[in-house]
Amino acid sequence: MSQSSVIGAGTVVRGNLEGEGSLDIFGRVEGDVTMSGDVTVGDGGSVRGHITANKISVQGAVQGDLHGSEAVLLERGAKVVGDLNAPRIGIGSGALVRGSVRTEGEPAVAGGAKRAPVAALKPAVFAAKPVAKVEPKPAPMREAEPIAVAAAPLPRLKEREPERRPPPPVLPSLGKGAKAKKKGR
């Protein structure tokens, strides 16, 4: 059975935390948190530092990077200023993130057992195809064929008009050797 520790509401911890097992934070931590188990930052909890753990769940506020070896989950009300890095990342409706999100690596499997590679699960390759040039097929459609939907043509932009500039200023011309009169005298 994994041990779990709790930092209660109203508690302030200044300094880095390291440990075995899981940690629930409902107070304030000013320093890096490194745990072998799961870390939960509860509603009203805050961490000012990086968090490294197996699974990280945030409902409060974190100012620092989150690195989960299995997953990082941001629930409603979470506020994170920092980078998220884990094989699985979940961001709930109402959670705020300012930083980069990176999913890399494989999640850790419980019990240290290795997974057998699955050849069927390969990422699909998508290629952009023009939709506007779809022509109807002369043969009748069967039920198994997908239905092609043509996109509405985009409205044409107005022909480029010549750039309009204001007219040049009108300056009075004086004959050679003539002097201008001053106004107001």
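Computed from a predicted structure; not experimentally measured. (Residues numbered from 1 in each chain as written. Predicted model: local features only at pLDDT ≥ 70, side-chain atom pairs only at ≥ 80, totals over all residues. Heavy atoms only, no water.)

### Describing the overall build of the protein
Then, in step 1: If you tally the helices and strands in the protein, you get zero helices and 16 strands.
Then, in step 2: The buried share among the 185 residues of the protein stands at 22%.
Then, in step 3: Long-range contacts, defined as pairs at least 24 residues apart, comprise 2% of the intrachain contacts of the protein with a sequence gap of at least 6. (Helix = DSSP H or I, 4+ residues; strand = E, 2+ residues; numbered from the N terminus. Buried < 20%, exposed > 50% of the residue type's maximum accessible area, 1.4 Å probe, protein only. Contact = heavy atoms within 4.5 Å.)

### Examining the pattern of salt bridges
Then, in step 1: Using the criterion set out here, one finds three salt bridges in the structure.
Then, in step 2: Notably, a salt bridge pairs E30 with R14, separated by 3.1 Å at the nearest N-O pair. Highlighted residues: E30 in strand β5 (residues 28-30) and R14 in strand β2 (residues 12-14), separated in sequence by 16 residues.
Then, in step 3: For E70, the salt bridge is made with R88, and the minimal N-O distance between the two is 3.5 Å. (Salt bridge = Lys/Arg side-chain N within 4 Å of Asp/Glu carboxyl O.)

### So, the sheet that holds strand β15 (residues 96-98)
The strands making up a sheet are joined through hydrogen bonds of the backbone, oriented either antiparallel or parallel.
Then, in step 1: On the basis of which strands lie adjacent, the open sheet formed by six strands has the order β2-β5-β8-β10-β12-β15 and parallel pairing. Here the strands that pair on one side only, and so sit at the sheet edges, are β2 and β15.
Then, in step 2: Pairing of β2 with β5 involves three bridges; the strand directions are parallel. Paired with V13 across the bridge in β5 is V29. (Pairing = 2+ DSSP bridges.)

### A closer look at a nonpolar patch on the surface
Then, in step 1: Where nonpolar side chains cluster on the molecular surface, the patch consists of I91, V97 and V101 and spans about 220 Å² of accessible area.
Then, in step 2: Its place among the elements puts V97 in strand β15.
Then, in step 3: Its relative accessible area of 31% is what places V97 among the partly exposed residues. (Patch = residues over 30% accessible without salt bridge, like charges linked within 9 Å, V, L, I, M, F, W, Y side chains within 5 Å. Areas by Shrake-Rupley, 256 points an atom, 1.4 Å probe, with all protein chains shown as cover.)

### Brief notes about the nonpolar core
Note that soluble globular proteins tend to have their nonpolar side chains buried in a common cluster.
Then, in step 1: I25, V33, I51, V58, L66 and L74 are the most contacted members of the largest nonpolar core, which has 22 residues in total.
Then, in step 2: Among the elements of the structure, β4 (22-25), β6 (33-35), β7 (39-41), β9 (51-58) and β11 (66-74) are those that each provide at least two residues to this core.
Then, in step 3: In terms of residues, this core owes the most to one element, β9, which gives four residues. (Core = buried A, V, L, I, M, F, W, Y, C linked by side-chain atoms within 4.5 Å.)

### What about the environment of L74?
Then, in step 1: Tracing the sequence through the fold places L74 in strand β11.
Then, in step 2: Residues L74 and G90, spaced 16 residues apart in sequence, show a C-alpha to C-alpha distance of 6.0 Å.
Then, in step 3: Discounting chain neighbours no more than four positions away, the residues touching L74 are V58, L66, V80, L84, G90, I91, G92, A95 and V97.

### Some words on the side chain of S22
Then, in step 1: Looking at the element boundaries, S22 is found in strand β4.
Then, in step 2: One polar contact links the side chain of S22 to the main-chain amide nitrogen of D38, over a distance of 3.2 Å. (Polar contact = N/O pair within 3.5 Å; in protein donor to acceptor, adjacent residues only side chain to side chain.)

### Side note on the confidence of the model for the protein
Then, in step 1: In this model, the protein carries an average pLDDT of 77, and 65% of its residues clear a pLDDT of 70 or more.
Then, in step 2: Per-residue pLDDT stays below 50 along residues 111-121; that stretch engages in two contacts with residues further than four places along the chain or on separate chains. (pLDDT = per-residue confidence, 0-100.)

### What about the pairing of β9?
Then, in step 1: Most of β9 is tucked away: six of the eight residues are buried.
Then, in step 2: As defined by bridge partners, β6 adjoins β9 across two bridges and the pair is classed as parallel. When the sheet's bridge partners are listed, V33 is paired in β9 with I51.
Then, in step 3: Summarising the sheet, β7 and β9 pair through three bridges and their orientation is parallel. Among the inter-strand pairings, V41 is bridged to a residue of β9, identified as V58.
Then, in step 4: Pairing analysis gives seven bridges linking β9 to β11, with the strands arranged parallel. Bridging from a neighbouring strand, I51 pairs with L66 of β11.

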